[in-house]
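Structural description and commentary
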Amino acid sequence: MHHTFRSALVSTVAVASLAAQAQFIGFSYNGEVSAVTRGALNAGAGEVIAVIKGEDYAGWGGTTPGVRTITSLFFILQDQNFTTAETLSIKLYPESATNAGFPDLAAGLTFATGVTGPGAPASGVISSELKVVTPATPVNVPIVGSGDVFVSFVLPANAAWPADGLSLDVQFGYQPSAAFTVFDVPGATQQPSATITVNNTHLHSFVPPANYFLLRCAGLLLDVAHPGTGGVVLGITNQASLLGSANPPPIGFGPAPGTGDFMSGVSPDVRGVNPGRADNIAFDYFRGPAAAGSLVLFFGDLGTFGVEIPLGAIFPGSTGTVCVNPTFLQLGSAIAGPTGEAFLVTVFPTALRSQVAGLSIIQQALEFDAVGGVFHLSPCGRQQL
């Protein structure tokens, strides 16, 4: 499982800390670090907030109606000077019922407190560390409005910033300057990146008591574990600025091609809005070694997500949630490999690219667990072409 930034080791560490039935969804699959960020906080205290949009993903977070259950979080934390130890807290917010696309700041839920900064680096004072945080009890976030879920990192002030202070690894959807060489430019539905809206960013920040900011076309390198399987949509690109999104994936990435980030992952450029681009898409499924050798079917649908129905209500003992519409089609199948991962690539012929432009494609995977005699459904992912 390479559901996290570059390294199989990252995923191994993450999975080992989880209960057997929980898996990471895959939001940072084949992701790469552009920079570190404190959002709009600068030296002040406040919150850097990642957004999992309800328009992008459904059917995740277990099968309890009305909530998304989160068991663990993966992220990458940096300290500009590890010798001055600092800690942070993590909160979760549902979407506001009165302000679509923004968190309900009055309904925050504590996920973790006292999360320590990185340890000593091999040299120097700047230290970065892959973090997996798992609270004693999973946290349930109410599904409100479109179903956005907000993951907030509450950072302390540090007057010495940028010489000292905590920050988080981020992936940009544009190139701020020539100094930045790693970034992922999304397709038409997140353009123009110069205009900041809730539709083209997955990164916000809040400076108390009342200053709220949208961050231009960017997303934290973040992954979420939940009571279910992994399942993520991937955007396959030819960008020199995001080599991990290529097909075939470079050494250290994959095995599936494409990026699971919140730029080209959910907004691939199939029509060449960015010159030279002709993206394709994929879906990656993961349940761990217990799924090795299992048959996995991949389904597709158009439009918006369907009504969520726990699969166990149809096939007792099965897991996951139906979130495609009754009009879904089977796209293909695969056999899960030794690690329990299977994926399907969809290539758009040149002659059809103008016709698929503007469509929204939903994908979901179903595993037949021959050992348990049950089925396992992945989350649904939606890509706007």
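1. Looking at the environment of D369
Along the chain, the position of D369 falls in strand 24 (residues 360-369). Separated by 188 residues in sequence, D369 and T181 place their C-alpha atoms 43 Å apart. Excluding its chain neighbours within four sequence positions, the residues that come into contact with D369 are R287, S294, V374 and H376. Among the polar contacts listed, one links the side chain of D369 to the backbone nitrogen of V371, at a separation of 3.2 Å. From its side chain, D369 meets the backbone nitrogen of G372 in a polar contact 3.0 Å long.

2. Some remarks on the sheet that holds strand 17 (residues 230-236)
Taken in spatial order, the three strands of this open sheet run 17-18-23, and their pairing is antiparallel. The sheet is open, and its two borders are formed by strand 17 and strand 23 (341-346), each paired with just one other strand. Neighbouring strand axes in the sheet, compared pairwise and without regard to direction, differ in orientation by 15° on average. Summarising the sheet, strand 17 and strand 18 (residues 280-286) pair through seven bridges and their orientation is antiparallel.

3. Describing the environment of A336
Secondary-structure assignment places A336 in the loop between strand 22 (329-335) and strand 23. Residue class for A336 comes out buried when judged on its relative accessible area of 5%. Along the primary structure A336 and I361 are separated by 25 residues, whereas in three dimensions their C-alpha atoms are 23 Å apart.

4. Regarding the pattern of salt bridges
Inspection of the entire model under this criterion finds five salt bridges. Note that E308 is salt-bridged to R68, the shortest N-O span being 2.8 Å. Remark: R68 occurs in strand 5 (residues 67-70) and E308 occurs in the loop between strand 19 (295-302) and strand 20 (309-310); sequence separation between them is 240 residues. Its relative accessible area of 5% is what places R68 among the buried residues. Between D279 and R277 there is a salt bridge whose closest N-O contact spans 2.8 Å. Residue D279 is classed as buried on the basis of its relative accessible area, which comes to 0%. Owing to a relative accessible area of 8%, R277 belongs among the buried residues under this scheme. Linked by salt bridges that have partners in common, R287, E367 and D369 make up one network.

5. Digging into the nonpolar core
In globular proteins that are soluble, nonpolar side chains generally tend to be buried together. The biggest cluster of nonpolar side chains holds 60 residues, and the ones touching the most others in it are F75, I90 and F153. If you look at the next biggest cluster of nonpolar residues, it comprises eleven residues, including A58, F305, C323 and I362.

6. Examining the pairing of strand 11 (residues 149-155)
The buried fraction of strand 11 is high, at six of seven residues. Pairing of strand 3 (residues 46-52) with strand 11, which is carried by seven bridges, proceeds in the antiparallel orientation. Bridging from a neighbouring strand, I49 pairs with S152 of strand 11. Of the strand pairs in this sheet, strand 7 (residues 87-94) and strand 11 are connected by six bridges, and their pairing is antiparallel. Counterpart to Y93 in the pairing with strand 11 is F150.

7. Focus: the side chain of H376
Checked against the element boundaries, H376 lands in strand 25 (residues 374-377). Within the structure, the side chain of H376 is placed 3.1 Å from the side chain of D369, a separation counted as a polar contact. Excluding residues within four positions of it along the chain, H376 makes contact with T229, Y285, R287, T319, A365, L366, E367 and D369.

8. Observations regarding the environment of E367
Inspection of the secondary structure puts E367 in strand 24. Sequence separation between E367 and F286 is 81 residues; the distance between their C-alpha atoms is 9.5 Å. Sequence-distant contacts of E367, that is, excluding residues within four places in its chain, are made with Y285, R287, A291, S294, L295, V296, V374, F375 and H376. A polar contact is formed between the side chain of E367 and the side chain of Y285, at a distance of 2.6 Å.

About the cut-offs
- Residues numbered from 1 in each chain as written.
- Predicted model: local features only at pLDDT ≥ 70, side-chain atom pairs only at ≥ 80, totals over all residues.
- Heavy atoms only, no water.
- Helix = DSSP H or I, 4+ residues; strand = E, 2+ residues; numbered from the N terminus.
- Contact = heavy atoms within 4.5 Å.
- Polar contact = N/O pair within 3.5 Å; in protein donor to acceptor, adjacent residues only side chain to side chain.
- Pairing = 2+ DSSP bridges.
- Axes fitted to C-alpha atoms, helices over the stretch in contact; angles between N-to-C directions.
- Buried < 20%, exposed > 50% of the residue type's maximum accessible area, 1.4 Å probe, protein only.
- Salt bridge = Lys/Arg side-chain N within 4 Å of Asp/Glu carboxyl O.
- Core = buried A, V, L, I, M, F, W, Y, C linked by side-chain atoms within 4.5 Å.

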